[in-house]
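Take a look at the letters that make up each chain.
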Amino acid sequence: MKFMVIVKANSDTEAGVMPSTEMLAAMGQFNEEMVKAGVMQAGEGLHPTSKGARVKYAGGQSSVSRGPFSLSGDLVAGFWLIETKSLDEAIDWMKRAPFDGGSEIEIRQVFAAEDFGEALTPELREQEERLRAQAVKR
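Residues numbered from 1 in each chain as written. Predicted model: local features only at pLDDT ≥ 70, side-chain atom pairs only at ≥ 80, totals over all residues. Heavy atoms only, no water.

Observations regarding the pairing of strand S5 (residues 76-83)
So, step 1. Two strands pair when backbone bridges link them, and strand S1 (residues 2-8) and S5 are joined in this way by seven bridges, in the antiparallel orientation. Across the sheet, the residue bridging to Val7 is Gly78, located in S5.
So, step 2. Of the pairings in the sheet, the one linking strand S2 (residues 40-45) to S5 comprises five bridges and is antiparallel in character. The residue of S5 that forms the bridge with Met40 is Ile82. (Pairing = 2+ DSSP bridges. Helix = DSSP H or I, 4+ residues; strand = E, 2+ residues; numbered from the N terminus.)

Now the structure itself:
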């Protein structure tokens, strides 16, 4: 099962406060353990929302808002993409993440092709597989 682990933003991440050398080392070790175990597929930190934008769609139109955005529970400061046998295993891994007080993560399962049932026709499945293969090559 594939999961996205969403690291929630807080006042420090939104202020652009960079992690200490000790935190970077601890996170590097944690990431290395996950890679060696075949769990981690990707992971990155994100710049604060002051360097970002949102695009909203309504009535066939799109509108753009540039950051910063108000600190709320939906802001993201980083992510991991991991693959484990279950949500419980993903939770066990993430309980070991070297965060301190004030940090919060959310773990969400990523859809797999079979989750879409008959709506994902053979043609759409082939297109998805072709696009994934092209993305990997880049």
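Some words on the nonpolar core
So, step 1. The biggest cluster of nonpolar side chains holds 18 residues, and the ones touching the most others in it are Phe30, Met34, Trp80, Ile82, Trp93 and Met94.
So, step 2. Taken together, the elements giving at least two residues each to this core come down to S1, helix H2 (21-36), S5 and helix H3 (87-94).
So, step 3. Not counting residues within four places of it along the chain, the set of residues in contact with Trp93 comprises Phe30, Glu33, Met34, Ala37, Val39 and Thr84. (Core = buried A, V, L, I, M, F, W, Y, C linked by side-chain atoms within 4.5 Å. Buried < 20%, exposed > 50% of the residue type's maximum accessible area, 1.4 Å probe, protein only. Contact = heavy atoms within 4.5 Å.)

Some points on the sheet that holds strand S6 (residues 105-109)
So, step 1. Taken in spatial order, the four strands line up as S2-S5-S1-S6 in an open sheet, and their pairing is antiparallel. At either margin of the open sheet sits one strand with a lone partner, and together these are S2 and S6. Taken pair by pair, the neighbouring strands of this sheet meet at an average axis angle of 15°, ignoring direction.
So, step 2. On the sheet, H2 packs against S2 and S5 and is oriented at approximately 25° with respect to S5.
So, step 3. Here H3 sits on the sheet and contacts S1, S5 and S6; the angle it forms with S6, its principal contact strand, is near 155°. (Axes fitted to C-alpha atoms, helices over the stretch in contact; angles between N-to-C directions.)

Notes on a nonpolar patch on the surface
So, step 1. Side chains of Val55, Tyr57 and Val64 sit close together on the surface and give an oily, nonpolar patch of about 340 Å² of accessible area.
So, step 2. Judged by relative accessible area, Val55 falls into the partly exposed class, the value being 43%. (Patch = residues over 30% accessible without salt bridge, like charges linked within 9 Å, V, L, I, M, F, W, Y side chains within 5 Å. Areas by Shrake-Rupley, 256 points an atom, 1.4 Å probe, with all protein chains shown as cover. Salt bridge = Lys/Arg side-chain N within 4 Å of Asp/Glu carboxyl O.)

Comments concerning the pairing of S1
So, step 1. For S1, a buried count of five out of seven residues is recorded, marking the element as mostly surrounded by other parts of the structure.
So, step 2. Both S1 and S6 contribute to a ladder of five bridges, which runs antiparallel. Note on S6: the bridge partner recorded for Val5 is Ile107.

A closer look at the pattern of salt bridges
So, step 1. One pass over the full model with this rule turns up seven salt bridges.
So, step 2. When the shortest N-O distance is used, the salt bridge between Arg54 and Asp74 registers 3.9 Å. Of this pair, Arg54 sits in strand S3 (residues 53-58) while Asp74 sits in the loop between strand S4 (61-66) and S5, and the two are 20 residues apart along the sequence.
So, step 3. Its relative accessible area of 38% is what places Arg54 among the partly exposed residues.

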